[in-house]
Amino acid sequence: MTKLTRRQKELLAEIEQSRPMSIYALARHSGRNYRRVFDHVKQLAAAGLVDISPQVRNGRQVSIVESIYQQRMRRLDEIFAFKVKIDATQ
C-alpha cells in the first residue's frame, strides 16, 4: 500500500465521519477543489479504503463514495437486525 498524504488522510477521515455522498458533494463539504478530491478518492479506492459506486440522481450519473468501514458496519447492522427479527418470531 502506498503511503497516504496528510490531505488524503483528512479526506478519508471526512468520508468515514459522513454519510455516503458524491465526489462533488464531498468536495463542497470539505471546501476543497473538485479535481483534487476526485484524484484523492481514486487513490483511496485503489488502496482499498473507499468504495465508489455509480448512481443516478436527478437524471445525472454520479459517483458515490463510501468508506469500507461504513459498508462493513452497515452489513453488520443488517445481519443483527435480521437475527433479532428471526429471534422475535420464534
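Residues numbered from 1 in each chain as written. Predicted model: local features only at pLDDT ≥ 70, side-chain atom pairs only at ≥ 80, totals over all residues. Heavy atoms only, no water.

This part takes up the pairing of strand β3 (residues 60-67). Both faces of the sheet carry side chains from a regular strand, because those side chains alternate between them. Of the strand pairs in this sheet, strand β1 (residues 21-22) and β3 are connected by two bridges, and their pairing is antiparallel. Bridged to S22 within β3 is I64. Counted along the chain from strand β2 (residues 50-57) to the antiparallel partner β3, the turn is two residues long, and its residue N58 has a positive phi close to 55 degrees. (Pairing = 2+ DSSP bridges. Helix = DSSP H or I, 4+ residues; strand = E, 2+ residues; numbered from the N terminus.)

The angle between the axes and the distance between the axes are what describe a pair of packed helices. Relative to each other, helix α2 (residues 23-30) and helix α3 (residues 34-46) sit at 120 degrees, their axes nearing to 9 Å. Taken together, α2 and α3 sit at an angle that is classed as oblique. Crossing of α2 against α3: the hand is right-handed. Within the contact between the two elements, α2 uses I23, Y24, L26, A27 and S30 and α3 uses Y34, V37, F38 and V41. Looking at the contact of α2 with α3, its residues break down into eight nonpolar, one polar and no charged. (Axes fitted to C-alpha atoms, helices over the stretch in contact; angles between N-to-C directions. Parallel < 35°, antiparallel > 145°, perpendicular 65-115°, else oblique. Left-handed = near helix turned anticlockwise from the far one by under 90°. Contact = heavy atoms within 4.5 Å. Nonpolar A, V, L, I, M, F, W, Y, C, P; charged D, E, K, R; others polar.)

On to the pattern of salt bridges. A complete count under the given rule lists four salt bridges for this structure. Between E10 and R7 there is a salt bridge whose closest N-O contact spans 3.3 Å. With E10 and R7 both in helix α1 (residues 6-17), this residue pair falls three residues apart, about one helical turn. Through salt bridges with shared partners, a single ionic network connects R6, R7 and E10. (Salt bridge = Lys/Arg side-chain N within 4 Å of Asp/Glu carboxyl O.)

Time to look at the side chain of R32. With respect to the element layout, R32 can be found in the loop between α2 and α3. An unpaired buried charge is present at R32: no salt bridge exists, and E10, the closest side chain of opposite charge, is 5.1 Å distant. Look past the residues within four positions of R32 in its chain and what remains in contact with it is R7, L11, A27, V37 and H40. (Buried < 20%, exposed > 50% of the residue type's maximum accessible area, 1.4 Å probe, protein only. Lys, Arg positive; Asp, Glu negative; His and termini not counted.)

With that settled, the discussion passes to the packing of α1 against α2. One way to put it is that α1 packs onto α2 with a least axis distance of 11 Å and a crossing angle of 110 degrees. Judged by the inter-axis angle, α1 sits roughly perpendicular to α2. Note on element contacts: α2 touches α1 through L26, H29 and S30, opposite L11, E14 and I15. Residue composition of the contact of α1 with α2, by class: three nonpolar, two polar and one charged.

To continue, consider the nonpolar core. Judged by nonpolar contacts, the single largest core of 15 residues is most densely connected at L11, I15, L26, V37, V41 and L44. For this core, the elements supplying multiple residues, two or more each, are α1, α2 and α3. In contact with V41, other than residues within four places in its own chain, are L11, I15, I23, L26, V50, I52 and V65. (Core = buried A, V, L, I, M, F, W, Y, C linked by side-chain atoms within 4.5 Å.)

Judged by side-chain polarity, Y69, M73, L76 and I79 come together as a nonpolar surface patch covering roughly 400 Å² of accessible area. Position of Y69 among the secondary structure elements: in helix α4 (residues 68-89). (Patch = residues over 30% accessible without salt bridge, like charges linked within 9 Å, V, L, I, M, F, W, Y side chains within 5 Å. Areas by Shrake-Rupley, 256 points an atom, 1.4 Å probe, with all protein chains shown as cover.)

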